[in-house]
Every structure is written in structure tokens, then in C-alpha cells.
Amino acid sequence: MSGNGVSLVTARFTVVSNIAAGTYVGVTGATVRDMVNRGGFKYVSNSAATISDFRGGAQQQGLFIKRNAANVGLYAVARTAETINYAAINSNNGDTTVTMEVYAVTSQFGSSDTTVTSSASCSLAVPTDSEVLTVSSCSTAKLSSSHVRGSAGVNVIATLNGQQASLTLRVWFPSAISVTVDDSDLGVLVTSNSGSGQCSSNLFQSSQVWALCDLSAGSGGGFLQVSGVDVTSLVQWFSISSGGSVSISGGLGSGSSRAFVQGTHLEMCG
Amino acid sequence: MMAPASARGLGLASGAGSSRVAVGQWSQGFGAFVSGASSGAVAASVEGVSFGSSASYSAASSRATQISMLVKTPVLYADDQRFQARVQLRDSTGRPVVDQTSLTVLVSVSGVLIGSSGQSVSTTVGCSFTDSAAGLLLCSSSSLGVGSWFSTLSDQPLTATAQVVYSSTVTAQSTSSVLTLNQTVASVSLSSEGMLISLNRAPLFGGNTLIATVTANTGSFDLSTWGLNINYDTSVLQFVSLTLDNTAGFDAPVVNSDTTLGVVSMVALQRVERR
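All figures in this text were calculated on a predicted structure; none of them were measured in a lab.

Scoring rules and cut-offs
Residues numbered from 1 in each chain as written. Chains lettered and ligands numbered in written order. Predicted model: local features only at pLDDT ≥ 70, side-chain atom pairs only at ≥ 80, totals over all residues. Heavy atoms only, no water. Contact = heavy atoms within 4.5 Å. Buried area = accessible area lost by both parts, 1.4 Å probe. Salt bridge = Lys/Arg side-chain N within 4 Å of Asp/Glu carboxyl O. Helix = DSSP H or I, 4+ residues; strand = E, 2+ residues; numbered from the N terminus. Buried < 20%, exposed > 50% of the residue type's maximum accessible area, 1.4 Å probe, protein only. Pairing = 2+ DSSP bridges. Disulfide = S-S within 2.5 Å. Domains from an automatic or database assignment. Polar contact = N/O pair within 3.5 Å; in protein donor to acceptor, adjacent residues only side chain to side chain. Core = buried A, V, L, I, M, F, W, Y, C linked by side-chain atoms within 4.5 Å. Phe/Tyr/Trp six-rings, centres within 6.5 Å; stacked < 30°, edge-to-face > 60°. Lys NZ or Arg CZ within 6 Å of the ring centre and 35° of its normal. 1 Å grid on protein atoms, 1.4 Å probe; cavity = no way out; pocket = protein on both sides within 12 Å on 5 of 7 lines; lining within 4 Å. Points joined across faces, edges and corners; volume = space filled by probe spheres on them.

A word on the interface of chain A and chain B
Moving on, step 1. Across the boundary between the two partners, chain A contributes 94 residues, which contact 100 residues of chain B.
Moving on, step 2. Carbon and sulfur atoms supply 58% of the area that chain A and chain B bury against each other, a total of about 8,900 Å² over both sides.
Moving on, step 3. The interface formed by chain A and chain B contains four salt bridges.
Moving on, step 4. Salt-bridge contacts for D113 of chain A lead to R86 of chain B; the nearest nitrogen and oxygen are separated by 2.7 Å.
Moving on, step 5. With twelve residues, the single largest contributor to the side of chain A that touches chain B is strand β1 (residues 4-15) of chain A.

Comments concerning the pattern of salt bridges
In a structure, side chains of opposite charge can pair up when their charged atoms sit close to one another.
Moving on, step 1. Counted under the stated rule, the structure contains eleven salt bridges over all chains.
Moving on, step 2. Between R55 of chain A and D53 of chain A there is a salt bridge, with its nearest N and O atoms 2.6 Å apart.
Moving on, step 3. The shortest N-O distance in the salt bridge between D131 of chain B and R79 of chain A comes to 2.8 Å. Of this pair, D131 of chain B sits in strand β13 (residues 120-131) while R79 of chain A is found in the loop between β6 (71-77) and β7 (82-84), placing the two residues in two different chains.
Moving on, step 4. Classification of R79 of chain A as partly exposed rests on a relative accessible area of 33%.
Moving on, step 5. Because the salt bridges share partners, they merge into one network encompassing R79 and E101 of chain A together with D131 of chain B.

Re the pairing of strand β23 (residues 263-269) of chain B
Moving on, step 1. Within β23 of chain B, five of the seven residues are buried, which leaves the element mostly enclosed by the surrounding structure.
Moving on, step 2. Connecting strand β22 (residues 254-258) of chain B to the next strand, β23 of chain B, in antiparallel fashion are four residues, including G262 of chain B with a positive phi near 80°.

A closer look at the state of the cysteines
Residue and element names in this part refer to chain A.
Moving on, step 1. Inspection of every chain in the model, using the stated rule, returns two disulfides over all chains.
Moving on, step 2. Here C122 connects covalently by a disulfide to C138, the sulfurs 2.0 Å from one another. Looking along the S-S bond of the C122-C138 disulfide, the torsion reads about 110°, which is the right-handed sense. Of this pair, C122 sits in strand β11 (residues 121-124) while C138 is found in the loop between β12 (134-135) and β13 (140-143), placing the two residues 16 residues apart along the sequence.
Moving on, step 3. Judged by relative accessible area, C122 falls into the buried class, the value being 14%.

Quick notes on the domain arrangement of chain A
Moving on, step 1. Here the domain parsing of chain A yields domain 1 (1-68), domain 2 (71-175) and domain 3 (176-269).
Moving on, step 2. Between the C-alpha centres of domain 1 of chain A and domain 2 of chain A the distance comes to 54 Å.

Digging into unusual backbone geometry
Residue and element names in this part refer to chain A.
Moving on, step 1. Its identity is not glycine, yet N46 carries a phi of approximately 45°, on the positive side.
Moving on, step 2. Looking at N46, the relative accessible area reads 58%, which means it is exposed.
Moving on, step 3. Its identity as a non-glycine residue notwithstanding, A176 has a phi of 50°, on the positive side.
Moving on, step 4. Mapped onto the elements of the fold, A176 is located in strand β15 (residues 163-181).
Moving on, step 5. For A176, a relative accessible area of 55% translates into the label exposed.

Some details on the side chain of Q81 of chain B
All names here are of chain B.
Moving on, step 1. Assignment of secondary structure puts Q81 in the loop between β10 (75-76) and β11 (83-90).
Moving on, step 2. Looking at Q81, its side chain comes within polar contact range of the main-chain nitrogen of G145, at 3.1 Å.
Moving on, step 3. In contact with Q81, other than residues within four places in its own chain, are L76, S141, S142, S143, L144, G145, V146, G147 and F150.

Focus: the sheet that holds strand β9 (residues 101-106) of chain A
All names here are of chain A.
Moving on, step 1. Read across the sheet, three strands follow the order β6-β9-β10 without closing on themselves; strand pairing throughout is antiparallel. At either margin of the open sheet sits one strand with a lone partner, and together these are β6 and β10 (114-115).
Moving on, step 2. Bridging between β9 and β10 involves two bridges; their strand directions are antiparallel. Residue pairing for β10: A104 is matched across the bridge by T114.

Brief notes about the nonpolar core
Moving on, step 1. Within the largest apolar cluster, 40 residues are counted, with the highest numbers of intra-cluster contacts made by L8, F13 and F64 of chain A together with M195 and W226 of chain B.
Moving on, step 2. If you list the elements that add at least two residues to this core, you get β1, β2 (22-36) and β3 (42-48) of chain A together with β18 (194-199), β19 (209-217), β20 (225-232), β21 (237-244) and β23 of chain B.
Moving on, step 3. It is β1 of chain A that contributes the most residues to this core, six residues altogether.
Moving on, step 4. If we ignore the near neighbours within four places in the chain, the residues touching F64 of chain A are V15, I19, G22, T23, Y24 and V27 of chain A together with L204, L210, V236 and L237 of chain B.
Moving on, step 5. Listed in part, the 32 residues of the second largest apolar core include V146, W149, L158 and L181 of chain B.

Notes on the packing of aromatic side chains
Moving on, step 1. Counted by the stated rule, this structure contains seven aromatic pairs over all chains.
Moving on, step 2. Look at F41 of chain A and F221 of chain B: their rings are 5.4 Å apart centre to centre, the planes differ by 40°, and that puts the pair in the tilted class. In this pair, F41 of chain A sits in the loop between β2 and β3 while F221 of chain B sits in the loop between β19 and β20, so the two residues belong to two different chains.
Moving on, step 3. Taking the relative accessible area as the measure of exposure, F221 of chain B reaches 23% and is therefore partly exposed.
Moving on, step 4. Summarising the aromatic geometry, the rings of Y75 of chain A and Y103 of chain A are spaced 5.3 Å apart at their centres and angled 25° between planes, so their arrangement reads as stacked. Residue Y75 of chain A is found in strand β6, and its partner Y103 of chain A is found in strand β9; the two are separated by 28 residues along the sequence.
Moving on, step 5. On the basis of relative accessibility, which here comes to 17%, the residue Y103 of chain A falls in the buried class.
Moving on, step 6. The ring of Y166 of chain B has R63 of chain B lying over it, and the distance from NZ or CZ to the ring centre is 4.2 Å.

With respect to the sheet that holds β13 of chain A
All names here are of chain A.
Moving on, step 1. Reading across from one edge, β8-β13-β12 is the order of the three strands in this open sheet, with antiparallel pairing throughout. Each of the sheet's edge strands pairs with one partner strand only, and the pair in question is β8 (96-99) and β12.
Moving on, step 2. Both β12 and β13 contribute to a ladder of two bridges, which runs antiparallel. Residue T134 lies in a different strand from β13, and its bridge partner there is K142.

Regarding the side chain of S108 of chain B
Moving on, step 1. As for its placement among the helices and strands, S108 of chain B is situated in strand β12 (residues 103-112).
Moving on, step 2. If we skip the residues at most four places from it in the chain, S108 of chain B touches T123, T124, T159, A160, T161 and Q163 of chain B.

Brief notes about empty space enclosed by the protein
The rolling of a water-molecule-sized probe over the atoms marks out the regions of remaining empty space.
Moving on, step 1. All chains considered together, the criterion is met by one cavity of 30 Å³ or more.
Moving on, step 2. Estimates place the volume of the largest cavity at around 40 Å³.
Moving on, step 3. Taken together, A76, V77, A78, A81, L167 and T168 of chain A together with Q88, R90, G94, P96 and A134 of chain B make up the full set of residues lining the largest cavity.
Moving on, step 4. For the lining of the largest cavity, the elements supplying multiple residues, two or more each, are β6 and β15 of chain A together with β11 of chain B.

What follows is the structure, given as C-alpha cells:
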């Protein structure tokens, strides 16, 4: 074997993890103990090997540059980016929370993104969007009964060490809640009910009651609305005249019957 | 009524009532549907009475119209051309789940080469979803394969842009990021007999591997036996392995590694062909 550039071996070293970033000069060198031909002639003996590194040119000692992974930027995620303010329909529904996540991307090939949700700070890009939702940390946006409108797009800004990321949330807000009944004319079934419970004398038909509302997101040019949303199961029903009188037709007289809501039924008793 | 039973949301009834389609079967349409997630289940209740059974659904997703990119490897080196970028997709509403039908996401890398040629160059890197529920993709290449684009005169600037492509049509693209090809240095060649050790030129992270490739200039001689000592600073490097280049015709070297002093000694003899 002869020539220039004859490939012999490859040595591998691991860079120690906990050393500081910087340029490390003189970390390696080599001595050619001997190069001998087939005739036994030693034509190189105890000679420094030449090193080629980042600097270029022929060197006697090698260097390498150690660097630490740095954040190249952030991104923010809301896996559910569209939601409804249920508490505005009925505070008993509880606040609606939107889970958010913030990650830092590091400058190292193959490295995992770092969760920085707890260390980043989050705020609303438009302060008046506090009428839509509340952001007190980067982990959660909260929609409660104290909020007064929806939005086609609330921008939440996450900030960490001068880097920013944003995400957009669409919030639907209820309005114009209305009540309808399947049958507004409840006829008497039994005029002399001796049973127990709510009805002690006259027993009437009952009817399913419904609650509908509109949902809107945004205002002005970005206004979005859907109408006739069935929210029967989300509203809180109250007896419309608990213990009071309602007008009764059919010759039964008035002032002796009462109507109330049982579940999602309008019932009436005499 | 009908309403999402999981993935809290609201079914938007087309009217307060439902229609009978057969004996014991009723139909209730949704005029619209606001779902709390990309999938869930719907359940029916009759006059306030809920039933245990439910039916699953998947909400149709919209096409991605927004794309952003963070380049993890903003500087490439002649001996380390690995490229990686994090890409995030959203639809026009800001939802991270997007329609993946006929969708391709890629990073376009382009620039004009420094020097007299002024040649325009470009290449692409493919992207794959890593978390489709969050609209996240990773665009990765183990080597960009652009060795001829590096310059010995200065750093070579390039631009990288992530693109959303539906059915071969670019429908959205990110803002461009600067990608730099680090200036290369002239390679070293031995002018007389001896050995050359070539080290990584790209910066290294902790835990990375420093590779020392050993070549020889035999001058007018042949090489039958050789010995080499490699010294290293044990406070920053740990010896891992030695690999013989089989093309040189030597038997595996006899290696003595002293990890305290930081010396790897080796002796190799020319392989004897046995018939």
C-alpha cells in the first residue's frame, strides 16, 4: 500500500457533556511512532502527525468548538382552538377551560422540543379581549360567566426570554335565549285526581319545553353567528309560577291551578 | 335532543323537533355543529331521558392556510449538512387539525452562489407530521447534499421557506428564514511522508462524537507496518472506538488505550494473504 491519502483508521471520541461552550485548543495531538516498508526500512520515526481542523492549514494540536443548544424560538399550541362559553348560558355549567402548551425549539439536530409552558408568560394581544376570556398562565385560558362576548379570533401571545409565539382561539358566546313548548294548550286529563304528588286534584297534559339560543363569535366584519342552538340541557329551569295561579280554559275556573317545570317538561296541576 | 356526549361541544339542532322515520325511529338533524375536538361521540335523549348508547363522530378538518417554521440548524457545515426545522400548521380559524388529503409540506432552500458564477440553486426537504392533533411537523434531512454550494471566500447565505402544497399547488408559505453555509477552509495535503489526522470542523454539542480520520502519505515507499499514538485531553474527550479502514490492507491494529493519561496507542501490520 502506498500513496498520499492512504486511509488507515478512524478514532472516535465523545465530547464530555458538562464542559462549557467555547473553543478547546490542544485537545488532541498525535505522534507517528513509525512507518516501515516491506524491506524493514523505517522511513518515519517519532514524528508529530499533522492535524487538520476548523482553522484550516496544518496544525500540530487539534481543536474543536463546543457549543450548547440554544432556543431558536417558541411555538404555542391549543389543541382545542374553538370553544363555547357554557358558563354564560348557565353558571352552573362551570367555567370552560382551554388547555394551552408552549414549547421551545432548540438549535440541535435531533433534539426534542422543550416544554416551557410553566416558565413562559402569556397575555392577550388585544387587551379588550379580556371581555372574551381570561389568560392567567400559559397553561389555561378560562371562559366564565363574567365574560360578555365571543370572538372570531383571540390572539394569545406567549413570551420567554425575548422570544414570542402566538395562538388563536375562537370563542362562541350565547345570546337571545328563548323558551318554546311543543304544546302550548294543555288539556285537562282528570278532573278529580286523588293521587299524591304535585297534583292533588285536576291533572293536565304535559309538554316538552325547549331552550334555544344564538351563538356569536366576533363583531364587526368578523361577526359570525348561528341561530337556533338547542341548549335545553344546559339551561337551568325554574317553575314559571311556582305556587301561583295560571289561567285555565275549559270551564274549570281560574286561580286554582299552577304550572311548573319538571325536568324539561312543563306540567300543570289543579 | 342530540348533543355531543364527549369532547364537550354543542349540536346545533335544525329545529326544536325531530321527525319520525319509522316505527320507533326518529331523526334529528344538526343544522351546524360546534365540536370541542376533532372527534367525539353524540348521544340522544328523549324528553330529558338519556340513553347509554352513543355514536362516534369525526369533525371534518379544513385545509391549512397558516404555516410557521423554526429552523433548528441555522448554520450548516461542509462536514455536517444535517438540516432540521419545526413546522406548525393551522387552518384559517387557528385550529391545529388540518385536512391532510393531498397535502405535502416541504421546506424549500434556495439562494444565489457567491463567486463569479452567480448561479441560482435550490433544493427541498420533506416534512412529516409528528403530532397531527397539534399541527406539528418535523422537516429533516441527514444531509442536505449541497457540498458544492459551500464557499472558501465567505459564508454562503441561503433562504429556507416552508410551504403548504395541496395537489401540487402551493397554498401557503412561511416567512423565510436565513440559512448559512459556513465558509470552508482549504483541505490539507501532506507534502512528505507522515500522517494526517482530520477532525470535525462543525461545532459539537456535549455527547457528540469527535471523529479523527487518520490518513498517510507514504511518499515513494510502500507501507507495511505503522504505529501511532493519539493523545487527547481527558477533561473534555472520552475515547470510544477505533475502526480500521479495510481498504488499506492492514490487519486490525493492536490497540492500547490509557484513559487516565489520554493516550491511544496502535500498531498495525500489513495483512498477510493466506492461500
